[in-house]
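# A structural walkthrough
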Amino acid sequence: MNLGEVKKVLDGMLNQEPSDGRRRNIVFWYDDNAEFEEEIKELQLDNAKIIKLTASNCFAVKYRLEKADPESNYLIYCPAPKPVPRENWLLDTLKYSREFSTDKTTVIMRDLGVRDASLRNVFKKYAKFFNNKERYNKFASYNIQDYTEKKVDIAVLSVLCRLPVPDLGTVVKTILMAETNGENKYMEAVEKFGDPDTFWRLMKDAYGYDLAERNIEKLLVMFLVTHLSYDLSVEIPETWRKYISKRQAEVVVFVNHFMHHATHGQVFNRLANWVENLLNLQEYISNWDIEHFIKCDTFKVFDEVIITRLINNLIMDVGEFEKYRKIINNRKPTHWFELFKDEYDLLYNAMEILRLEKELNKTIKGQRAYELLDSYTREYYLLDYFYRKFYTAYDRIENKEPFGQLCEKVENTYTHWFLNELSVKWAAALQQEPPGEWRLQGASPQDGFYLEYIARHLRKGERVFVIISDALRYEAAREFSNILNTERKGATRIFHLLGVLPSCTKLGMAALLPHKSIEYNDKAEVLVDGTNVQGIEGRRRVLLNYNEDAVAVAYNEIKDIKRQEFKDYFEGKKLIYIYHNGIDAVGDHAATEREVFNAVEKSITDLRQLIKNLVNNLSATHIYITADHGFIYRRSALQECDKIPRPAGEALEVGKRFMLTDENKDFEGTLAFSMRYILGKDINLKVVVPRGVNIFKIQGAGVNYLHGGASLQEIVIPVIKFKNDRSKSDALAVKKVEVKLTNISRKITNRITYLEFFQVQKVEDKYVPIRLKIYFTDEEGRRISNENIIIAESRSARPEERTFREKFTLRDMPYDKGKKYYLVLEDEDEPVERIYQKIPFVIDLAIVSGFDF
């Protein structure tokens, strides 16, 4: 406590000119309750000495005053009541001295600048609280203006909860969070140094807690049940009704802020889980339809039940795919969605696989090879994509047991229907083409890549970059192309080539180089213009033969180098080939082939960073991304019926999906193609591949990740063409879709109000989704409502499917219709300027309760 005011008064008394024949000033201070016994130790007076008078030193004090030091001014402080005259050893000294008296409450109020005498009992109530220097200083640091009883109460609670500023909502949140620690040290502090009656009165006034039990657990239940009742569209159980607060608005806003807090949200989750079990919520939900709680996010059990029901519906072929999509989209903005994101991703991709199966009537359409190739690059590739995304999500889920049957269904649909039927029809279509020829009318060949795409840039003197990602199959390249299109300013297009056979790395890599000839030697090594191109060094030599400013480099060599090193490495180079090996390196080994889909995700991340480095560090303009081959992957184990005997006879090379031989035989269960298409007319070598997606029975690496054969997944080679735009034009710039408030009125007359928002553009091409957090604030920026999340990601051309209707609840407090309030739209993904829009509103409510804190 600051004794500044006390010192000022005492100095004034002791510095007065002595009168009535006295030679000095002596002041007696009898402190009846010893309130200042600690503080007096630190008191320093300007012109007086201080003596502490006790029951045992009266004679010594009298001797010092009368004999030892009769000249100095003295303050005689006694931490006890003034004794009766006949027991007062210093009565004669007292008679020619002066007396000072005060009490701690008066000093505290004076020191804090509290002039309202009616607050005396409020401060007196907290005497024990203020009898501590640290607590007192913290209280004083709040610099409260215009003291009221409520402000004092909240400030005391805030100090006891160790808050930087006084705030009742944060006090309550701090006390609730402490319940997770076993012992609630903050509530114990309130009971010991504060006033529990005041705390519970505030809970009633502010949040409507009106239960007889003054219990933090009951208070927590009241908060969460009231919040649940806000979004639940079915009658709440009778046993919970006593917990519903009459001040629902305040409770909803409080819980909403608590659950969405960046750090406190995790503690909220633990508290919510405890209440969920206490209420036995699972039992009640089993009787409710999903539509009744589609917006509820107080407890995680809602997501658990939704996920379980969607699993069952997908297994039972209910087929309401659009309904499932809407359910998942409705859950995206909710609190628990991130916890179950992988589960929802799995369900979404399972749903898409089963939807496509149904839309295609479980039939692969197309008789001619080019028709099937065209259908694959337009639509059928999506099944490969959704299958990969399904297992990517599945592998991240910790508890896989609930998804067992759904996995079986997805596996049967993809492997036993789609993969098998597509490959069988493709094989049949290939047999209708000119016999033994691996060329397809209308399909550009992979070995023409350099002449078709790259040479033209070099003829114009332009620098060109070629990124070859080993085994980047078409569906993954489509995903990456979309990402590139929505991340970078520029034009992105994707094409496809007919890959080489066998669809293996060494031949695929050779086909992408400039060349006059490609050949196999007797060791089954591939030579380009006589040079072995098995490694990067050989490929570099081939490139230099066609352009003296060429370079070939592995991605791993440059991925971590600094900007200047990056620039120096490629200085003066016109033809740059960069080799990335993330997918094949994982898939080609039995021990890691199960991780191949994760390797695809990692490869896409690598390629994004590589493009960023090329654009930012080298101002790269012309970039091509392609692959040597694709792959087949299925999660389920291959059966014996999926394997065929390796054809008899001598072979230059044999893999699980191909054999190179010059024997002129027909092998059962296979397709054979002459290698003349790439090696030249005088070659007798042919490639033999299993029909469909079968494999040859040979020893070797894994059998789930495969390439080398003629399936569409293996031989459709993507070519992504990206042209970076360095102009100032916005035509090719990536833009987020716009979201606009469509309500005409800017006046709110009800505490609960609905506002409508419209996503102006659909997500496509250069328009990308936007995620907005929306809430109301006052002029000082304090939040006065719950917050809603809008994820504007619709690709629909129908305006009604790009409309959002959001429910806002204002805090239960006085509003001034003469002041401005703001609807704030905040872009959560922006790192710096997050305010997307700030719209002024007038709030004019007919009835308010007026509890202002």
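That block above? That's the structure.
A short tour of the structure in this document, coming up.

What counts and how
- Residues numbered from 1 in each chain as written.
- Predicted model: local features only at pLDDT ≥ 70, side-chain atom pairs only at ≥ 80, totals over all residues.
- Heavy atoms only, no water.
- Helix = DSSP H or I, 4+ residues; strand = E, 2+ residues; numbered from the N terminus.
- Rg over C-alpha atoms; globule rule 2.2 N^0.38 Å.
- Contact = heavy atoms within 4.5 Å.
- Lys, Arg positive; Asp, Glu negative; His and termini not counted.
- Charge placed at Lys NZ, Arg CZ, Asp CG, Glu CD.
- Salt bridge = Lys/Arg side-chain N within 4 Å of Asp/Glu carboxyl O.
- Buried < 20%, exposed > 50% of the residue type's maximum accessible area, 1.4 Å probe, protein only.
- Core = buried A, V, L, I, M, F, W, Y, C linked by side-chain atoms within 4.5 Å.
- Phe/Tyr/Trp six-rings, centres within 6.5 Å; stacked < 30°, edge-to-face > 60°.
- Lys NZ or Arg CZ within 6 Å of the ring centre and 35° of its normal.
- Pairing = 2+ DSSP bridges.
- Expected span 1.5 Å × (residues − 1).
- Axes fitted to C-alpha atoms, helices over the stretch in contact; angles between N-to-C directions.
- Patch = residues over 30% accessible without salt bridge, like charges linked within 9 Å, V, L, I, M, F, W, Y side chains within 5 Å.
- Areas by Shrake-Rupley, 256 points an atom, 1.4 Å probe, with all protein chains shown as cover.

Another point: the overall build of the protein chain. Helix and strand content of the protein chain: 30 helices and 31 strands. Whereas a compact globule of 853 residues would reach a radius of gyration of roughly 29 Å, the protein chain reaches 40 Å, over 25% beyond that. Taking the principal axes of the C-alpha coordinates as reference, the protein chain spans close to 140 × 65 × 55 Å. In the protein chain, 72% of the contacts between residues at least 6 apart in sequence involve partners at least 24 apart. A gap of 3 Å separates the mean positions of the 126 positive and 129 negative side-chain charges of the protein chain.

Our next topic: the pattern of salt bridges. Evaluated as defined, the whole model comprises 67 salt bridges. Measuring nitrogen to oxygen at the nearest pair gives 3.6 Å for the salt bridge that ties Arg-23 to Glu-71. With a gap of 48 residues between them, Arg-23 in the loop between helix H1 (4-14) and strand S1 (26-30) and Glu-71 in the loop between helix H2 (58-68) and strand S3 (74-78) connect regions that are remote in the sequence. In this structure, Arg-23 and Glu-71 share a single accessibility class: exposed. Here the residues in one salt-bridge network are Arg-388, Lys-389, Arg-473, Glu-475, Glu-479 and Glu-601, joined through shared partners.

Turning our eyes to something else, we now look at the nonpolar core. Of all hydrophobic cores here, the largest spans 222 residues; its most connected members are Phe-123, Phe-139, Leu-219 and Tyr-577. Looking at this core element by element, the count peaks at 13 residues for helix H19 (residues 369-396). If sequence neighbours within four positions are ignored, Tyr-577 has contacts with Phe-449, Tyr-450, Val-466, Ile-468, Leu-512, Leu-513, Pro-514, Leu-543, Val-551, Ala-552 and Val-553. Of all hydrophobic cores here, the second largest spans 26 residues; its members include Leu-755, Ile-770, Phe-808 and Leu-823.

Attention now goes to the packing of aromatic side chains. The geometry of an aromatic ring pair is captured by two quantities: the separation of the ring centres and the angle between the planes. This model, assessed by the stated rule, comprises 48 aromatic pairs. Between Tyr-387 and Tyr-414 the ring centres are 3.7 Å apart and the planes differ by 10°, which places this aromatic pair in the stacked class. Taken together, the residues Tyr-387 in helix H19 and Tyr-414 in helix H20 (residues 404-432) connect sequence positions 27 residues apart. Seen in terms of ring centroids, Tyr-453 and Phe-495 are 5.8 Å apart; in terms of plane orientation they differ by 45°. Their pairing is tilted. With Tyr-453 in helix H21 (residues 449-459) and Phe-495 in strand S6 (residues 490-498), the pair connects residues that are 42 residues apart, well separated along the chain. By relative accessible area, Tyr-453 is classed as buried at 7%. Pairwise contacts between aromatic rings join Tyr-387, Phe-390, Tyr-391, Tyr-394, Tyr-414, Trp-417, Phe-418, Phe-597 and Tyr-633 into one cluster. The ring of Tyr-394 has Lys-400 lying over it, and the distance from NZ or CZ to the ring centre is 5.4 Å.

Now for the sheet that holds strand S9 (residues 531-532). Taken in spatial order, the 3 strands make up an open sheet running S7-S8-S9, and their pairing is antiparallel. Each edge of the sheet is formed by a strand with only one pairing partner; in this case those strands are strand S7 (518-520) and S9.

Right, let's talk about helix H28 (residues 596-618) for a bit. Along its 23 residues, H28 runs 31 Å from first to last C-alpha, staying within 8% of the 33 Å computed at 1.5 Å per residue. Ser-619 sits one or two positions beyond H28 and adopts a positive phi of about 55°.

As for its placement among the helices and strands, Ser-375 is situated in helix H19. Of the residues examined, Ser-375 reaches a relative accessible area of 12% and is grouped as buried. Ignoring anything within four residues of it in the chain, the contact list for Ser-375 reads Lys-365 and Tyr-380.

One open sheet holds the 4 strands; their spatial order is S2-S3-S1-S4, and the pairing between them is parallel. The open sheet terminates on both sides in strands that have one partner only, identified here as strand S2 (49-52) and strand S4 (98-100). Strand-to-strand twist across the sheet, computed as the mean angle between neighbouring axes with direction ignored, equals 25°. Relative to S3, S2 runs parallel, the two sharing 4 bridges. If you follow Lys-49 over to S3, its bridge partner there is Tyr-74.

Positive charge collects at one region of the surface, where Arg-456, Arg-459, Lys-460 and Lys-723 lie side by side. Position of Lys-460 relative to the elements: it lies in the loop between H21 and strand S5 (464-469). Of the residues examined, Lys-460 reaches a relative accessible area of 61% and is grouped as exposed.

Taken together, the side chains of Phe-59, Tyr-63 and Trp-89 make up a nonpolar region of the molecular surface, amounting to roughly 420 Å² of accessible area. Of note, Trp-89 is situated in the loop between S3 and helix H3 (91-95).

Alternating residues of strand S25 (residues 752-759) divide into Thr-753, Leu-755, Phe-757 and Gln-759, all buried, and Ile-752, Tyr-754, Glu-756 and Phe-758, none buried. By the bridge criterion, 3 bridges tie strand S23 (residues 739-741) to S25 in an arrangement that is antiparallel. By the bridge assignment for S25, Lys-740 is matched with Phe-758. One ladder, built from 7 bridges, connects S25 with strand S29 (residues 803-809); its direction is antiparallel. Residue pairing across strands places Leu-755 opposite Glu-806, the latter belonging to S29.

We now examine the pairing of strand S31 (residues 835-843). Here strand S24 (residues 747-748) runs beside S31; their pairing, made up of 2 bridges, is parallel. From the neighbouring strand, Lys-747 faces S31, where its bridge partner is Val-842.

Take the side chain of Lys-773 next. Summarising the element assignment, Lys-773 is placed in strand S27 (residues 770-777). When neighbours within four sequence positions are excluded, Lys-773 is seen to be in contact with Arg-783, Glu-787, Asn-788, Ile-789, Val-824, Leu-825, Glu-826 and Glu-828.

Mapped onto the elements, Gly-319 comes out in the loop between helix H16 (301-315) and helix H17 (321-331). It is 95 Å that separates the C-alpha atoms of Gly-319 and Asn-15, two residues lying 304 residues apart in sequence. Apart from residues no more than four positions distant in its own chain, Gly-319 is found in contact with Tyr-324 and Lys-358.

Limitation: the analysis is restricted to geometry and does not speak to function.
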